[in-house]
Amino acid sequence: SAVISQKPSRDICQRGTSLTIQCQVDSQVTMMFWYRQQPGQSLTLIATANQGSEATYESGFVIDKFPISRPNLTFSTLTVSNMSPEDSSIYLCSAGQISPGEAFFGQGTRLTVV
Amino acid sequence: DAKTTQPNSMESNEEEPVHLPCNHSTISGTDYIHWYRQLPSQGPEYVIHGLTSNVNNRMASLAIAEDRKSSTLILHRATLRDAAVYYCILRRSQGNLIFGKGTKLSVKP
């Protein structure tokens, strides 16, 4: 199994600023992903964080807005850039192995943009 | 992306079995069927997964139709702690999970 820690757990930010969310896994994992969950909604995949290379973004998400880093097999960051109130959401990190087993999720970062 | 269809909500009585259905008529031969649940204010939690055969674990059972176009998650004895949103997901070969809307399960004492 894997335990995922996300920091910060919540934040209130001014519009136009950026926030970097950290995701730390307690063991090496092949795959890491970032999701967004708006209030009362399901999870939407933002991107796959690739170690040592650029992230793979889903339709509707771009690197300039959501830059992602993954320097090693246990850590990734997601930055929400030039924030607006529409970015208010819960951002979740997920991790797992390439084999089709269990994926693990962090508790999420609750972001409010004012 | 292969999609899944689930009822928006279901109700169950405590200590009774619950059968949560999922349709995935566009499933491909390599797609695994995964179930996750999300309790309020928490990240999703893995429940079970399977490819073709029925699967059992300590949390639940997964019954997969012979043509793989539908599946059913079975909670054998629902408890109040099982109240959550249950997501049926087809896992891509790249490993990422595309979530649908899920089924909100309510459990009555």
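None of the values given here were measured: they were computed from a predicted structure.

Time to look at the interface of chain B and chain A. With 20 residues of chain B at the interface, the matching set in chain A holds 21 residues. Contact with chain A buries area across many residues of chain B, yet P44(B), R91(B) and F99(B) alone supply 26% of it, more than any other trio. Linking chain B with chain A are 1 salt bridge. Residue E58(A) pairs with R92(B) through a salt bridge whose shortest N-O separation is 3.3 Å. Linking chain B with chain A are 9 residue pairs in polar contact (both at pLDDT 80 or more), by the criterion used here. Listing elements by their share of the side of chain B that touches chain A, those giving two or more residues are β3 (32–38), β4 (45–50) and β8 (84–91) of chain B. If one sorts the elements of the side of chain B that touches chain A by residue count, β3(B) sits on top with 4 residues. Split into classes, the residues belonging to the side of chain B that touches chain A amount to 8 nonpolar, 9 polar and 3 charged.

Conventions and cut-offs
Residues numbered from 1 in each chain as written. Chains lettered and ligands numbered in written order. Predicted model: local features only at pLDDT ≥ 70, side-chain atom pairs only at ≥ 80, totals over all residues. Heavy atoms only, no water. Contact = heavy atoms within 4.5 Å. Buried area = accessible area lost by both parts, 1.4 Å probe. Salt bridge = Lys/Arg side-chain N within 4 Å of Asp/Glu carboxyl O. Polar contact = N/O pair within 3.5 Å; in protein donor to acceptor, adjacent residues only side chain to side chain. Helix = DSSP H or I, 4+ residues; strand = E, 2+ residues; numbered from the N terminus. Nonpolar A, V, L, I, M, F, W, Y, C, P; charged D, E, K, R; others polar.

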